[in-house]
Amino acid sequence: MFIKKLVLFTAVLAFITSCGTGDKGELVGIKGKKWHPEKPYGMTLVPGGAFIMGKSDDDLAGVKDAPTKTVTVRAFYMDETEITNAEYRQFVEWVRDSTIRTKLAILADEVGETDPESDGIGQFAFKDADTTDMSVYEKYMLDNYSGMGDDYYEGRKLNHDVDLIFDTDEYPDEYYAEVMDSMYLPLEESYNGQRTWDVRKFKFQYTTMDIQTAAKYRELRRSDVIEKREIEVYPDTTVWIRDFSYSYNEPMHNDYFWHDAYADYPVVGVTWNQARAFCQWRTLNKNSYQKQRDKQFVNGFRLPSEPEWEYAARGGLQGATFPWGGPYAINDRGCFMANFKPLRGDYAADQALYTVEAKSFEPNDYNLYNMAGNVSEWVMSSYDPASYEYSSTVNPSVNDTENERKVVRGGSWKDVAYFLQVSSRDYEYADSARSYIGFRTVQDYMGTEVTNNALKKGKRKN
């Protein structure tokens, strides 16, 4: 009897609910917010399509690692230029400031200075030190999840409403001075009267999920495939010295990353691991903005796969040697088309000794600059000479976590023309940094599918 009443009550409740929704009892689906694709700042849309990947001409170098293969890639956004020093500095300064704020908040908690209205270190205390204006959910999270990780203070909110103070004459109290002093190299390691940040202390922490492993071993729990990473973020400026023995490159070591004269030049000295960390931060930074404005999250930024990079570099040209076509690296006026090493030891023959500004030379037909020359670029794929043989023909991606050799593409300012060819492959180890390797990022496209074939068809109709 009880079960009959329960079934009847459920049926009546369902009927009442259906009548109140305005869907007339029809299957209309759950309506979310209307999605409008938004082109990310500084990026261009690369339409999806098929192309012949690999060496379409003779394999003059005899490497035998790029046999031709027809593959298809989906649409994606790509940075028009390589990531610049100014853009990467935004990342490292965000990490630096967050690290300092965390240490200030921890010390404020330890010494009991948690009054946000104080003039001392208390104004940098954790936001949840004062629970007066906290929601019920925020209090619940504080009571149940803060301090549950390896770090006792993990999960606590930092106070970003107060500006950090870098002028030593304006430090608010000795506690603040203590934290700031710990962020610099010791006095005995300073020279020329300048104190330098201890860049080893500025690390970016993030988590990733190994979806490939999760899909392969379905018996694994979600926690088994979530990985925590911690990466030092500052580029290695000593690469300018280390990469070239018996060569005077000290000015580049001293100024290239730090001086505003090089703000729009591509960042170098960044490892594959650091490039991935930058992608994670860029996603976090954008989605924090989206959350504040109650907008839907965007897809994550990432490094391009090797086929994506080559497809974008070709700019819609099938079988081309270079992004501008080819087969020559000079135009009909005798001008070089990219920044590379055109002659024996004559690095300046193309009017550039080292790197050039990221928006130099003519872009390809996808409006992408320096897909050949300037700096080589990290991609997501691991290097395997045979990867073209076994990879998929749709969105191929070969990234073996056990293989530390990562593909670099495009050639650089110190390379000969062979490495500038869109099909040439090279590699470097994931933890290595070089004065001639940078990167650019991509983001998956969401919305009505955009393909190269559709765009060409539309142009013919018009």
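Residues numbered from 1 in each chain as written. Predicted model: local features only at pLDDT ≥ 70, side-chain atom pairs only at ≥ 80, totals over all residues. Heavy atoms only, no water.

J.: Please set out the packing of aromatic side chains residue by residue, giving values where relevant.
T.: Under the counting rule described, the total for this entry stands at 36 aromatic pairs. Residue placement shows R282 over the ring face of F301; its charged tip is 4.2 Å from the ring centre. (Phe/Tyr/Trp six-rings, centres within 6.5 Å; stacked < 30°, edge-to-face > 60°. Lys NZ or Arg CZ within 6 Å of the ring centre and 35° of its normal.)

J.: Got a sec to walk through the pairing of strand β2 (residues 49–53)? Specific residues and values, please.
T.: Of the two faces of β2, the one lined by G49, F51 and M53 is fully buried and the one lined by A50 and I52 carries no buried residue. Where β2 and strand β3 (residues 69–73) come together, 5 bridges link them in antiparallel fashion. In the strand pairing of β3, M53 is matched with K69. (Buried < 20%, exposed > 50% of the residue type's maximum accessible area, 1.4 Å probe, protein only. Helix = DSSP H or I, 4+ residues; strand = E, 2+ residues; numbered from the N terminus. Pairing = 2+ DSSP bridges.)

J.: Which residues make up empty space enclosed by the protein, and what values do they have?
T.: For the structure shown, the criterion picks out 3 cavities of 30 Å³ or more. Approximately 70 Å³ is the volume found for the largest cavity. Together, M53, E306, P307, S381, S382, S387, Y388, S391, P396, S397, V398 and R425 line the largest cavity. Residue assignment for the lining of the largest cavity shows that the elements contributing at least two residues are α9 (306–314), β8 (376–382) and α10 (387–390). Considered class by class, the residues forming the lining of the largest cavity number 5 nonpolar, 5 polar and 2 charged. Reported here for the second largest cavity is a volume of approximately 50 Å³. If you go around the second largest cavity, the residues you meet are N85, P235, D236, T237, V239, W240, M252, H253, Y256, F257, V268 and G269. Secondary structure elements with two or more residues in the lining of the second largest cavity: α6 (239–242) and α7 (250–255). By residue class, the composition of the lining of the second largest cavity is 7 nonpolar, 4 polar and 1 charged. (1 Å grid on protein atoms, 1.4 Å probe; cavity = no way out; pocket = protein on both sides within 12 Å on 5 of 7 lines; lining within 4 Å. Points joined across faces, edges and corners; volume = space filled by probe spheres on them. Nonpolar A, V, L, I, M, F, W, Y, C, P; charged D, E, K, R; others polar.)

J.: With reference to specific residues and values, describe the pattern of salt bridges.
T.: When the charged atoms of two side chains lie near each other, side chains of opposite charge can form a pair. Counted according to the given criterion, the structure contains 21 salt bridges. Among the salt bridges present, the one from R409 reaches E310, with a minimum N-O distance of 2.8 Å. Of this pair, R409 sits in strand β9 (residues 405–409) while E310 is found in helix α9, placing the two residues 99 residues apart along the sequence. A salt bridge links E377 to R440; the nearest nitrogen and oxygen atoms lie 2.8 Å apart. Pair noted here: E377 is in strand β8 and R440 is in the loop between β11 (437–438) and β12 (442–444), with a separation of 63 residues, a long-range link. The pair formed by E377 and R440 is uniform in burial state, with each residue classed as buried. Each of E306, E310, R314, R409 and R425 takes part in one network of salt bridges that share partners. (Salt bridge = Lys/Arg side-chain N within 4 Å of Asp/Glu carboxyl O.)

J.: So what about the sheet that holds strand β7 (residues 301–302)? Which residues, and what values?
T.: With antiparallel pairing, 4 strands are arranged side by side in an open sheet as β1-β4-β12-β7. Edge positions in the sheet fall to β1 (43–46) and β7, since each of these pairs with one other strand and no more. Sheet topology note: the β7/β12 ladder contains 2 bridges and is antiparallel. Bridging across to β12, R302 finds its partner in V442. Along the sheet, α9 makes contact with β1, β4 (76–79), β7 and β12, crossing β4 at roughly 75 degrees. (Contact = heavy atoms within 4.5 Å. Axes fitted to C-alpha atoms, helices over the stretch in contact; angles between N-to-C directions.)

J.: Please give an account of the layout of surface pockets that cites residues and values.
T.: In this structure, the second largest pocket encloses a volume near 1400 Å³. M209, Q212, R276, M380 and N399 are, among the 40 residues lining the second largest pocket, the residues nearest its centre. Of all the secondary structure elements, the ones that give two or more residues to the lining of the second largest pocket are β5 (203–209), α5 (211–216), β6 (226–232), α8 (272–292) and β7. Ranked by the residues each element gives to the lining of the second largest pocket, the list is headed by α8, at 6 residues. A breakdown of the residues in the lining of the second largest pocket according to their chemical character gives 13 nonpolar, 14 polar and 13 charged.

J.: Describe in detail the sheet that holds strand β10 (residues 426–429), supporting the description with residues and values.
T.: Read across the open sheet, the 4 strands follow the order β10-β9-β8-β11; overall the sheet is mixed. Where the open sheet ends on each side, the last strands, each with one partner, are β10 and β11. Bridging between β8 and β11 involves 2 bridges; their strand directions are parallel. Note that in β11 the partner of S376 across the bridge is I437. Against the sheet, α8 makes contact with β8 and β9, and its axis sits at roughly 85 degrees relative to β8, the strand it touches most. Its contacts with the sheet place α9 against β8 and β9, and it is angled at close to 140 degrees to β8.

J.: So what's going on with the packing of helix α2 (residues 85–111) against α8? Which residues, and what values?
T.: At a minimum axis separation of 11 Å, α2 and α8 run at an interaxial angle of 80 degrees. The orientation of α2 with respect to α8, classified from their angle, is roughly perpendicular. Along the contact surface, α2 presents E87, Y88, Q90, F91 and W94, while α8 presents Q274, A277, F278, W281, L284 and N285. The class makeup of the residues in the contact of α2 with α8 is 7 nonpolar, 3 polar and 1 charged. (Parallel < 35°, antiparallel > 145°, perpendicular 65-115°, else oblique.)

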